[in-house]
Amino acid sequence: MKTSNDTSPAINFSCPACGLLCDDVALVSTSPVRIQNGCTKSITFFEQAYSNEYDNIASASLFGKATDLNTAIKAATKILRGSKQPLFSGLGTEVTGMRSVMHLAEKTGATLDHMHSEGAILNTLTLQNGGWQNTTLTEVKNRATLILAIGTDIVSSHPRFFEKLVWNADSMFDKTSPEIIYLGVPKENTQAGISPSGTQPLVVEAEIAKLPEIMNALQALMNSKNPLHKKPSTDQVGGVSIASLLNILEKLKAAQYAVVVWAAGNFKYAHAELTIQSITQLIVKINKTSRIAGLPLNAGDGDLSVNNTSTWLSGFPTRNRFTHGKAEYDAYYFSSAEQLKSCDALLWISTFNAHLPPATGVPTIVIGHPNMQFEREPDVFIPVCIPGIDHLGAMARMDNVVSLPLKKVRESTLPTLSYVITQIKDSLT
Ligand code: SF4
């Protein structure tokens, strides 16, 4: 592997560490990691990758004992050959890697589920149920005059969102800086919503668990013939005053272009898809007289790229499986949690980050980030290249309208996920 500390000249690339896929970042130095236009999340991502560069710990292993790549591939093949109901989970990869995984899944009859699908499935259920009216990052940057963040501070998962899309000075149209409203976000997490000129965001604090009733109340107020004159039967819902909700509603209706942002993975309660449905229905209603759109945040680890690739190749996002060559989909029974109750082999994939597999008693193959440190060693571990650092690839941006190419910024001796998966597939008889 490359051993110099400074990259000369600095290499520009699309950062794969979150769904914004910022394409203006450049790696200036690797020890310590310095990134031009980077954020703390991107620096952590690259530090994780480069911390493994100068030693030999990233070797394939069987039950924790180092082995060579071919032996590990043979062991993985043997497990899958003997499996009648394998589960391929994690799926932290990009488009090229997922293409190869799909071919192996078709050959083995495996069930596929991404590690962040608990949140993503809520958006899918909403989309299936009634559709939605969403926007793009370009529209946010050039047109948004109001941003309502519900249950998310946005920057925890997408750190440069405000820097690149909200407080940017290079809008295509001469628009003012957007007004920012947080609903269901602690005040101490709303610093990013303070404009460069010091304008404070409107913060309406509430417990995330109360969002279902709060969103229902917002909808009810919207559907009232004249909400300003209607006398509600209570003066607060979910700890939020009706006056605050009416204030938010009037601002949304008056905005030239409002954008509502949510992170489905933050809604950790039963039937959270109904909260998202309330958001999307509110958007549809307001759009009859004004301009407003939604913007769901993705969770990361290639979730959108994996689900898009799965849909291109099978007609379904993950939580799908091939049975006798025919693709099936089940949002509940094909979840990892359900499948772990009955599967007889687990293939766990996590190439961007060193996320560990779930605890299970079935034979486990792990293909992933070279920094993985296991509490319980899997039957087979094969460390592979990190997409966007060690090999080329492609990823879907968080607004799901463009794919961006990933660059290779260093040489690695490790194989790619595609290579390993294809070798396993070709070895299966
Ligand atoms: S905001 Fe996301 S894509 Fe942009 S530099 Fe930070 S981690 Fe990378």
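What counts and how
Residues numbered from 1 in each chain as written. Predicted model: local features only at pLDDT ≥ 70, side-chain atom pairs only at ≥ 80, totals over all residues. Heavy atoms only, no water. Helix = DSSP H or I, 4+ residues; strand = E, 2+ residues; numbered from the N terminus. Expected span 1.5 Å × (residues − 1). Buried < 20%, exposed > 50% of the residue type's maximum accessible area, 1.4 Å probe, protein only. Contact = heavy atoms within 4.5 Å. Domains from an automatic or database assignment. Polar contact = N/O pair within 3.5 Å; in protein donor to acceptor, adjacent residues only side chain to side chain. Near = heavy atom within 4 Å. 1 Å grid on protein atoms, 1.4 Å probe; cavity = no way out; pocket = protein on both sides within 12 Å on 5 of 7 lines; lining within 4 Å. Sits in = over half its atoms within 2 Å of the grid points. Nonpolar A, V, L, I, M, F, W, Y, C, P; charged D, E, K, R; others polar. Pairing = 2+ DSSP bridges. Axes fitted to C-alpha atoms, helices over the stretch in contact; angles between N-to-C directions.

Chemist: Is there a simple way to think about helix 9 (residues 273-286) in this case?
Modeler: The α-helix winds at 3.6 residues per turn, so residues separated by three or four positions along the chain end up facing the same way. Taking 1.5 Å of rise per residue, the 14 residues of helix 9 would be expected to cover 20 Å, and the 20 Å separating its terminal C-alpha atoms lies within 8% of that figure. The buried fraction of helix 9 amounts to 10 of the 14 residues, a majority that puts the element mostly inside the structure. Every buried residue of helix 9 is listed here: E273, T275, I276, Q277, S278, I279, T280, L282, I283 and I286. Residues of helix 9 that are buried sit in contact with helix 4 (117-130), strand 8 (146-150), helix 7 (211-223), helix 8 (242-254), strand 13 (258-262) and strand 14 (292-296).

Chemist: Looking at this structure, I do not really get the domain arrangement of the chain. What am I missing?
Modeler: Bring the parts together and some accessible area is lost; that lost area is often taken as the interface size. We note that the domain assignment places domain 1 (6-50), domain 2 (61-116 + 301-427) and domain 3 (121-296) within the chain. Using only C-alpha atoms to locate each centre, domain 1 and domain 2 end up separated by 25 Å. Domain 1 puts 13 residues into the contact, and the matching count from domain 2 is 18 residues. Applying the counting criterion to the domain 1 and domain 2 interface returns five residue pairs in polar contact (both at pLDDT 80 or more). Contributions of two or more residues to the side of domain 1 that touches domain 2 are made by strand 1 (6-13) and helix 1 (40-50). Sorting elements by how many residues they give to the side of domain 1 that touches domain 2 places helix 1 first, with five residues.

Chemist: Could you clarify how one ought to interpret the site of the ligand in this entry?
Modeler: If you check the shell around the ligand, you find C15, A17, C18, L20, L21, C22, V25, C39, K41, S42, P159 and R160 and nothing else. Using a 2 Å cut-off from the grid points, one finds that the ligand occupies the largest cavity. Classifying every residue of the shell around the ligand gives nine nonpolar, one polar and two charged.

Chemist: Help me understand the sheet that holds strand 8 in this model?
Modeler: Whether parallel or antiparallel, the strands of a sheet pair through hydrogen bonds between backbone atoms. If you trace the five strands from one edge of the open sheet to the other, you get 10-9-8-13-14, paired in parallel fashion. Every other strand in the sheet has two partners, leaving strand 10 (202-204) and strand 14 as the edge strands with one partner each. Strand-to-strand twist of the sheet, defined as the mean angle between neighbouring strand axes without regard to direction, takes the value 15°. One ladder, built from five bridges, connects strand 8 with strand 13; its direction is parallel. Within the sheet, the bridge partner assigned to I150 lies in strand 13 and is W262. Seen against the sheet, helix 9 touches strand 8, strand 13 and strand 14 and runs at an angle of roughly 175° to strand 13.

Chemist: What exactly am I supposed to notice about the sheet that holds strand 16 (residues 326-329) here?
Modeler: Ordered in space as 5-4-19-18-17-6-7-15-16, the nine strands form an open sheet in which the pairing is mixed. With one partner strand each, in any of the chains shown, strand 5 (65-66) and strand 16 form the two edges of the open sheet. With five bridges joining them, strand 6 (residues 86-92) and strand 17 (residues 345-350) adopt parallel strand pairing. Directly across from G92, in strand 17, lies its bridge partner S350. This element, helix 10 (residues 303-314), spans strand 6, strand 7 (111-114), strand 15 (320-323) and strand 16 of the sheet and lies at about 30° to strand 15. Relative to strand 18 (residues 364-368), helix 12 (residues 417-427) is tilted by about 145°, and along the sheet it contacts strand 17, strand 18 and strand 19 (380-383).

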